[in-house]
Amino acid sequence: MNENIRIEEVDSVEKPPKARVESATETLERKKDYLEGFLAQKPATPAPSEPDGDLYEAVIAALKEIFDPEIPVNIYDLGLIYNVEINDGHAVVSMTLTTPHCPVAESMPGEVELRVGAVPGIGDAEVNLVWEPAWTPANMTDEARLELGML
């Protein structure tokens, strides 16, 4: 047997003493929280016709259903939509096309007007076709670039 190993038999082991815990409220005072009341306030809800509002998002969803016939990406992600304004159920969409000689130059604004006008809550829609600033591939979202293999 190895001389360095000692074996000791015991009948019981003393329980270690319990830690004494004092009440935290008696000894510590909570420091003033600089965010006090911040989380209790409800975040401001955007108006339905403002960005992130329900009506605005419904119009954007309708625009994302319109695809350029030559490019398999919707016109919103292509960056053809420059601005959407909604005022008392009247929607004004400012948009461009990839080029002034685009084959859908005559039909695309009409389709946008019909689709936006069909959104519940929109009474009428107006489309302004603009050429300044000119459209560039930099206007596309990352999703559109990925779809076209440009990312």
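Report on the accompanying structure. (Residues numbered from 1 in each chain as written. Predicted model: local features only at pLDDT ≥ 70, side-chain atom pairs only at ≥ 80, totals over all residues. Heavy atoms only, no water.)

## Some points on the sheet that holds strand 1 (residues 81-87)
With mixed pairing, three strands are arranged side by side in an open sheet as 1-2-3. What marks the edges here is a single partner per strand, and that holds for strand 1 and strand 3 (124-129). Strand after strand, the sheet turns through a mean of 15 degrees between neighbouring axes, direction not considered. As paired elements, strand 1 and strand 2 (residues 90-95) share six bridges and run antiparallel to each other. Directly across from isoleucine 86, in strand 2, lies its bridge partner alanine 91. (Pairing = 2+ DSSP bridges. Helix = DSSP H or I, 4+ residues; strand = E, 2+ residues; numbered from the N terminus. Axes fitted to C-alpha atoms, helices over the stretch in contact; angles between N-to-C directions.)

## Quick word on unusual backbone geometry
The omega torsion of the bond from glutamate 132 to proline 133 falls at -5 degrees, within 30 degrees of zero and hence cis. With respect to the helices and strands, the residue proline 133 is situated in the loop between strand 3 and helix 4 (142-147). In this model, aspartate 88 sits at a positive phi of 55 degrees, which is unusual for a non-glycine residue. Along the polypeptide, aspartate 88 turns up in the loop between strand 1 and strand 2. For aspartate 88, a relative accessible area of 78% corresponds to the exposed category. (Buried < 20%, exposed > 50% of the residue type's maximum accessible area, 1.4 Å probe, protein only.)

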